[in-house]
Amino acid sequence: MKNKKKSLLFVLCIMIIVFATGCSSSKYNSDTDPSTDKAEELMEEGKFDEAHSVLSGAFEGKSAELKAALGQYNSAVTNFYNNYNIPILDDIVAAGYKTGFQVTYDSFDEIDSVYKDYKPFKEKIKEWQEQLEDAIDYEDDLRDDYEDMKEYLEEKDYDKCIEMAEDWNKKIEENFSDEEIIKRLKAFTGNFSKENLKYKQMQDS
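First things first, this report covers the structure right here in the doc. Since the model is a prediction, treat every value here as computed from it, not as a measurement.

## Observations regarding the overall build of the protein chain
So, step 1. Scanning the protein chain for helices and strands turns up 10 helices and zero strands.
So, step 2. In the protein chain, the succession of helices and strands from N to C terminus is α-α-α-α-α-α-α-α-α-α.
So, step 3. Per-residue burial over the protein chain gives 33% buried out of 205 residues.
So, step 4. For the protein chain, contacts bridging at least 24 residues in sequence account for 69% of all contacts bridging at least 6.

## Considerations on the packing of helix α8 (residues 158-175) against helix α9 (residues 179-189)
So, step 1. Across the interface, α8 lies against α9 with an axial gap of 10 Å and an inter-helix angle of 175 degrees. One way to sum up the angle between α8 and α9 is to call them roughly antiparallel. Of α9, the residues touching α8 (which contributes W168, N169, I172 and E173) are I182, L185, K186 and T189.
So, step 2. Among the residues forming the contact of α8 with α9, the class breakdown is four nonpolar, two polar and two charged.

## Points about the nonpolar core
So, step 1. Counting 46 residues, the largest nonpolar core has Y73, F101, F108 and F121 as the members making the most contacts within it.
So, step 2. If you list the elements that add at least two residues to this core, you get α2 (34-44), α3 (48-54), α4 (61-82), α6 (101-109), α7 (119-154), α8 and α9.
So, step 3. The element contributing the most residues to this core is α7, with 10 residues.
So, step 4. Leave out the neighbours within four places in its chain, and F108 touches Y73, A76, V77, I125, W128, Q129 and L132.

## Topic: the packing of aromatic side chains
So, step 1. Scanning the model with the defined rule gives 11 aromatic pairs in all.
So, step 2. For the pair F80 and Y81, a centre-to-centre distance of 5.5 Å together with 65 degrees between the ring planes defines the contact as edge-to-face.
So, step 3. Taking relative accessible area as the criterion, F80 reaches 0% and is therefore assigned buried.
So, step 4. Both rings, one in F108 and one in W128, keep their centres 5.3 Å apart while their planes meet at 45 degrees; by these two values the pair is tilted. Remark: W128 occurs in helix α7 and F108 occurs in helix α6; sequence separation between them is 20 residues. Note on accessibility: F108 and W128 belong to one class, buried.
So, step 5. Three or more aromatic residues joined by ring pairs form one cluster here, namely F48, Y73, F80, Y81, F101, F108, Y115, F121 and W128.
So, step 6. Seen from the ring of F80, R184 lies directly overhead, with NZ or CZ sitting 4.1 Å from the centre.

Thresholds, definitions, all that
- Per chain, residue numbering runs from 1 following the sequence as it is written.
- For this predicted model, a pLDDT threshold of at least 70 governs which residues receive local features, and a threshold of 80 or more governs which side-chain atom pairs are given and counted, while totals over whole chains, interfaces and linings are taken from all residues.
- Only hydrogens and water are removed before side-chain values are computed, so all heavy atoms of the structure are retained for them.
- Labels follow the DSSP assignment, with helices taken as runs of H or I lasting at least four residues and strands as runs of E lasting at least two, numbered in each case from the N terminus.
- Burial classification: accessible surface area is computed with a 1.4 Å probe over protein chains only, and a residue below 20% of its type maximum counts as buried, one above 50% as exposed, and the rest as partly exposed.
- In what follows, a contact means two residues having at least one pair of non-hydrogen atoms within 4.5 Å.
- Axis definition: a line fit to C-alpha positions, over the contact stretch in the case of helices; interaxial angles, taken between N-to-C directions, run 0 to 180 degrees.
- Angle categories: roughly parallel below 35 degrees, roughly antiparallel above 145, roughly perpendicular from 65 to 115, and oblique for all the rest.
- When residues are grouped by polarity, Ala, Val, Leu, Ile, Met, Phe, Trp, Tyr, Cys and Pro land in nonpolar, Asp, Glu, Lys and Arg in charged, and all others, Gly among them, in polar.
- Here, nonpolar core refers to any group of buried Ala, Val, Leu, Ile, Met, Phe, Trp, Tyr and Cys residues whose side-chain atoms link them within 4.5 Å.
- Here a pair means two rings of Phe, Tyr or Trp (six-membered ring of Trp) with centres within 6.5 Å. Their orientation is stacked below 30 degrees between planes, edge-to-face above 60, and tilted elsewhere.
- Placement of a charge over a ring requires the Lys NZ or Arg CZ to be within 6 Å of the ring centre, with the centre-to-atom vector within 35 degrees of the ring normal.

If you want it as structure tokens, here you go:
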């Protein structure tokens with residue numbers, strides 16, 4: 001009887017070990033999940049929305065952290081493109097209006113640092129932040145330059161205004177590559193385009 005009990009106990013122990021091993025092997029391991037490799041491939045191609053989507057089943061570990069970071073990134077980009085109006089320069093100077101460059105920069109700065117472990121992701125955020133830093137600085141320069149522009153407008157020196165606006169746009173085209181950033185910066189200067197100022201000149205004459 002004792003031997004039979006020992007045998008049953010032994011079999012029970014074996015079953016417990018086998019069951020535990022089976023559970024362990026079937027447990028989702030996010031660090032070796034092949035979808036992480038796919039996400040990296042998509043990030044290399046600049047497809048950050050799709051990279052986030054392929055990680056939809058990641059609930060723990062590093063791949064889940066990557067999914068969260070991609071979600072933060074996509075949200076920051078979406079907000080930048082959709083949630084800011086584009087005022088003309090004299091309006092933003094008069095009202096102290098901000099255009100979202102700093103807000104977006106801060107949003108990228110708050111993304112979970114796991115993104116730094118993925119080269120294409122790290123490079124993309126670096127690229128964004130460098131351009132946003134330049135846009136923030138350039139916006140401040142435009143605010144300062146606008147004081148000179150106001151003087152030329154008061155003096156009705158429209159040729160000087162046009163020259164100044166064209167110089168602004170030339171610098172924008174030389175220093176920025178993101179189309180949305182270019183569009184917003186040029187919107188600041190649009191009120192001082194050659195066409196608009198020539199029209200104003202005709203009205204004044």
